[in-house]
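Inside the fold
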Amino acid sequence: MEQDNVSGDLVLYSNLIDLARKLCDYSKAISIFTRLKASTITPDLIAYNSMINVFGKAKLFREARLVLQEMADNAVQPDTVSYSTLLAIYVDNQKFVEALSLFSQMNEAKCPLDLTTCNIMIDVYGQLHMPKEADRLFWSMRKMGIQPNVVSYNTLLRVYGEAELFGEAIHLFRLMQSKDVPQNVVTYNTMIHIYGKTLEHEKATNLVQEMKKRGIEPNAITYSTIISIWEKAGKLDRAAILFQKLRSSGVRIDEVLYQTMIVAYERAGLVAHAKRLLHELKRPDNIPRETAIAILARAGRVEEATWVFRQAFDAGEVKDISVFGCMINLFSKNKKYSNVVEVFEKMRQVGYFPDSDVIALVLNAFGKLREFDKADALYRQMHQEGCVFPDEVHFQMLSLYGARKDFMMVESLFEELDSNPNVNKKELHLVVASIYERADRLNDASRVMNRMNQRAIRSHDHT
DNA sequence: TTAGGGTTAG
């Protein structure tokens, strides 16, 4: 379309953004959003809400929050979903205080709450160890005209469990049943976990039976919870038998469940058994190879993970972008920088865009391999594509220029970032100053620090 | 004539 000079419309751009989002290709989604705005299309409410999600998933929290501002500037009023999306992003990244502050902002803006918002906030209060507030919000929902659903109950159940309010937890669990609130696998998994905390492994086991009887199928989370509970209760044999049964019964075994059994063996001192399980992943039988790679990579098994990854990649089985990410992480941690580059190139080969974490690791690898031109080319290319980076990526690139003693580039990128409103200025100055310090250019270092202090004084005068 | 957004468990 671009070649034929056919310009896209909001529908087309929104679809492309959504596709990139589904592929977890957030850099690309951002790049498409940038092009959308460059072609003078004004995004609407839903497009903006998608982008709050995209920026958040890309861990560009400042940019995510700035979308709210941009919406207001373009006369698009942020709605309940806009706020809930950002709240959920903060929660995903453990930024509970930010979530709390955004929630007050939402209330000040008189934006109405709905079921999802309440559910997110019950979670936030719980995470902040404010079970009383969580409780208050839950029990005031009906007065606001919002019926709590199974998610609300499940979340409050977990909050009670974490606050060691075990009596309240059991009461709530039975209340759901007497009030005919439908319970689901999450309800049971949460309650089983609570019985694990109270060391009542028999009650936990009974709940597994109870859920089955009621037609609620246990899943990988149920089994990994119960395996941990049995292991702590000294019933490792029982756990091992269950795990074997699961493997041959066609239940989906995911990486956490597999890992749970390995950890159970290790904690019991049965290292050989743990090793055997890891070794078996080289030829996974009823486990997808992508899962096997994820387990091996998380366990730090470089050789095996590499082997399975290459096999799977050559067979065209690596579809999940996160598999590339975990291999790049593994290699980077183990200082295998040429392997980092190898995986990165494979990733590009199949058309995936790296996310900002991966870009930072790849830039770092190029630096260690002294491939400065490649680092420079990658940084520029991503920039041209309209990718927005977290500050860490820019700082990484500054350091690489410093390592190459290319102070012209340090200065020019420094100036460029200094005029970029999204970059933290104080950190930028500190990073540049430390680059000069490392290169023994102390005059330059103090010039940069003075500039920062001058600016701090000036902005103080203005206020 | 086209489509798209947020929440729970290991």
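Because the structure is a prediction, the values reported are computed rather than measured. (Residues numbered from 1 in each chain as written. Chains lettered and ligands numbered in written order. Predicted model: local features only at pLDDT ≥ 70, side-chain atom pairs only at ≥ 80, totals over all residues. Heavy atoms only, no water.)

Approximately 450 Å³ is the volume found for the largest pocket. Lining of the largest pocket is provided by 23 residues; of these, Tyr26, Lys57, Ser322, Asp355 and Asp357 occupy positions nearest its centre. Only helix H3 (45–57), helix H5 (80–92), helix H19 (321–333) and helix H21 (356–368) provide two or more residues apiece to the lining of the largest pocket. For the lining of the largest pocket, the element with the most residues is H19, which contributes five residues. (1 Å grid on protein atoms, 1.4 Å probe; cavity = no way out; pocket = protein on both sides within 12 Å on 5 of 7 lines; lining within 4 Å. Points joined across faces, edges and corners; volume = space filled by probe spheres on them. Helix = DSSP H or I, 4+ residues; strand = E, 2+ residues; numbered from the N terminus.)

Lining the immediate surroundings of DNA strand B are 38 residues, of which Asp44, Asn49, Asn119, Asn154 and Asn189 lie closest. Counting only the atoms of DNA strand B that lie within 4 Å of the protein, the sugar and phosphate share comes to 36%. Within the contact set of DNA strand B, a base nitrogen lies 3.4 Å away from a side-chain nitrogen or oxygen of Thr117. Between Asn189 and DNA strand B, the recorded distance is 2.5 Å, taken from a side-chain N or O atom to a base nitrogen. Residue assignment for the surface near DNA strand B shows that the elements contributing at least two residues are helix H1 (10–22), H3, H5, helix H7 (115–127), helix H9 (150–162), helix H11 (185–197), helix H13 (220–232) and helix H15 (255–267). Partitioning the surface near DNA strand B into residue classes produces 13 nonpolar, 18 polar and seven charged. (Near = heavy atom within 4 Å. Polar contact = N/O pair within 3.5 Å; in protein donor to acceptor, adjacent residues only side chain to side chain. Nonpolar A, V, L, I, M, F, W, Y, C, P; charged D, E, K, R; others polar.)

Next up on the list: the packing of helix H4 (residues 61–73) against H5. Helix packing for two helices is described by the angle between their axes and how far apart those axes are. At a minimum axis distance of 11 Å, the contact between H4 and H5 shows a crossing angle of 170°. Taken together, the axes of H4 and H5 lie roughly antiparallel to each other. Where H4 abuts H5, its residues Phe61, Ala64, Arg65, Leu68 and Met71 lie against Ser82, Tyr83, Leu86, Ile89 and Tyr90. Classifying every residue of the contact of H4 with H5 by side-chain character gives eight nonpolar, one polar and one charged. (Axes fitted to C-alpha atoms, helices over the stretch in contact; angles between N-to-C directions. Parallel < 35°, antiparallel > 145°, perpendicular 65-115°, else oblique. Contact = heavy atoms within 4.5 Å.)

Once that is clear, we can look at unusual backbone geometry. Leaving glycine out, the prevailing phi sign among residues is negative, and the prevailing peptide bond configuration is trans. Even without glycine at this site, Thr40 takes up a positive phi of about 60°. Located in the positive-phi region is Gln94, a residue other than glycine, with phi close to 60°. Take Gln94: its relative accessible area is 59%, and that puts it in the exposed class. (Buried < 20%, exposed > 50% of the residue type's maximum accessible area, 1.4 Å probe, protein only.)

With 13 residues, helix H2 (residues 26–38) should cover 18 Å at 1.5 Å per step; its first-to-last C-alpha distance of 18 Å lies within 8% of that length. Three or more residues of H2 are buried, namely Tyr26, Ser27, Ala29, Ile30, Ser31, Ile32, Phe33 and Leu36. Close packing links the buried residues of H2 with H1, H3, H4 and H21. (Expected span 1.5 Å × (residues − 1).)

Before going further, it helps to spend a moment on the domain arrangement of chain A. The extent of an interface is frequently quoted as the accessible surface area lost upon association of the parts. Taken domain by domain, chain A comprises domain 1 (1–112) and domain 2 (390–462). The C-alpha-based centres of domain 1 and domain 2 are spaced at 29 Å. At the interface, four residues of domain 1 touch five residues of domain 2. Here domain 1 meets domain 2 over a buried area of about 340 Å², counting both sides, of which 42% is carbon and sulfur. The interface formed by domain 1 and domain 2 contains one salt bridge. Two residues, Asp391 and Arg62, come together in a salt bridge whose shortest N-O distance is 3.1 Å. Remark: the boundary between domain 1 and domain 2 carries one residue pair in polar contact (both at pLDDT 80 or more). (Domains from an automatic or database assignment. Buried area = accessible area lost by both parts, 1.4 Å probe. Salt bridge = Lys/Arg side-chain N within 4 Å of Asp/Glu carboxyl O.)

The subject of this paragraph is the packing of H21 against helix H23 (residues 391–403). Running from N to C, H21 and H23 cross one another at 10°; their axes reach a closest spacing of 9 Å. Taken together, H21 and H23 sit at an angle that is classed as roughly parallel. Along its contact with H21, which presents Ser356, Ile359, Ala360, Leu363, Asn364 and Gly367, the element H23 presents Val393, Gln396, Met397 and Leu400. Each residue belonging to the contact of H21 with H23 can be placed in one class, and the counts come to six nonpolar, four polar and no charged.

Our next topic: the environment of Tyr258. Among the secondary structure elements, Tyr258 is positioned in helix H15. Taking the C-alpha atoms as reference points, Tyr258 and Leu10, separated by 248 residues in sequence, lie 44 Å from one another. Tyr258 has contacts with Phe243, Arg247, Ile253, Leu277, Glu280, Leu281, Ile287 and Ile295, leaving out every residue within four places of it along the chain.

Compared with an ideal rise of 1.5 Å per residue, which puts twelve residues at 16 Å, helix H24 (residues 407–418) spans 16 Å between its outermost C-alpha atoms and is within 8% of the ideal. Within the span of H24, buried status applies to Phe407, Val410, Glu411, Leu413, Phe414, Leu417 and Asp418.

What follows deals with the side chain of Asn339. Here Asn339 lies in helix H20 (residues 337–349). On the basis of relative accessibility, which here comes to 15%, the residue Asn339 falls in the buried class. Setting aside anything within four residues of it in sequence, one finds Asn339 in contact with Arg310 and Phe331.

Here we come to the state of the cysteines. If you walk through the whole model with that rule in mind, you get zero disulfides. No disulfide involves Cys24; its sulfur sits 13 Å from that of Cys326, the nearest cysteine. Free cysteine: Cys118, not disulfide-bonded; nearest cysteine sulfur from Cys111 at 12 Å. (Disulfide = S-S within 2.5 Å.)

This part is about the nonpolar core. When a protein is soluble and globular, its nonpolar side chains tend to lie buried together. Formed by 155 residues in total, the largest nonpolar core has its most connected members in Tyr258, Met261, Ile328, Leu363 and Leu398. With eight residues, H21 is the largest single contributor of residues to this core. If we ignore the near neighbours within four places in the chain, the residues touching Met261 are Ile227, Leu236, Ala239, Ala240, Phe243 and Leu277. (Core = buried A, V, L, I, M, F, W, Y, C linked by side-chain atoms within 4.5 Å.)

This part covers the packing of aromatic side chains. Using the criterion set out here, one finds twelve aromatic pairs in the structure. Geometrically, the ring pair formed by Phe33 and Phe55 is edge-to-face, given 6.4 Å between the ring centres and 80° between the ring planes. With Phe33 in helix H2 and Phe55 in helix H3, this residue pair connects regions lying 22 residues apart in the sequence. Residue classification places Phe55 among the buried residues on the basis of a relative accessible area of 7%. (Phe/Tyr/Trp six-rings, centres within 6.5 Å; stacked < 30°, edge-to-face > 60°.)

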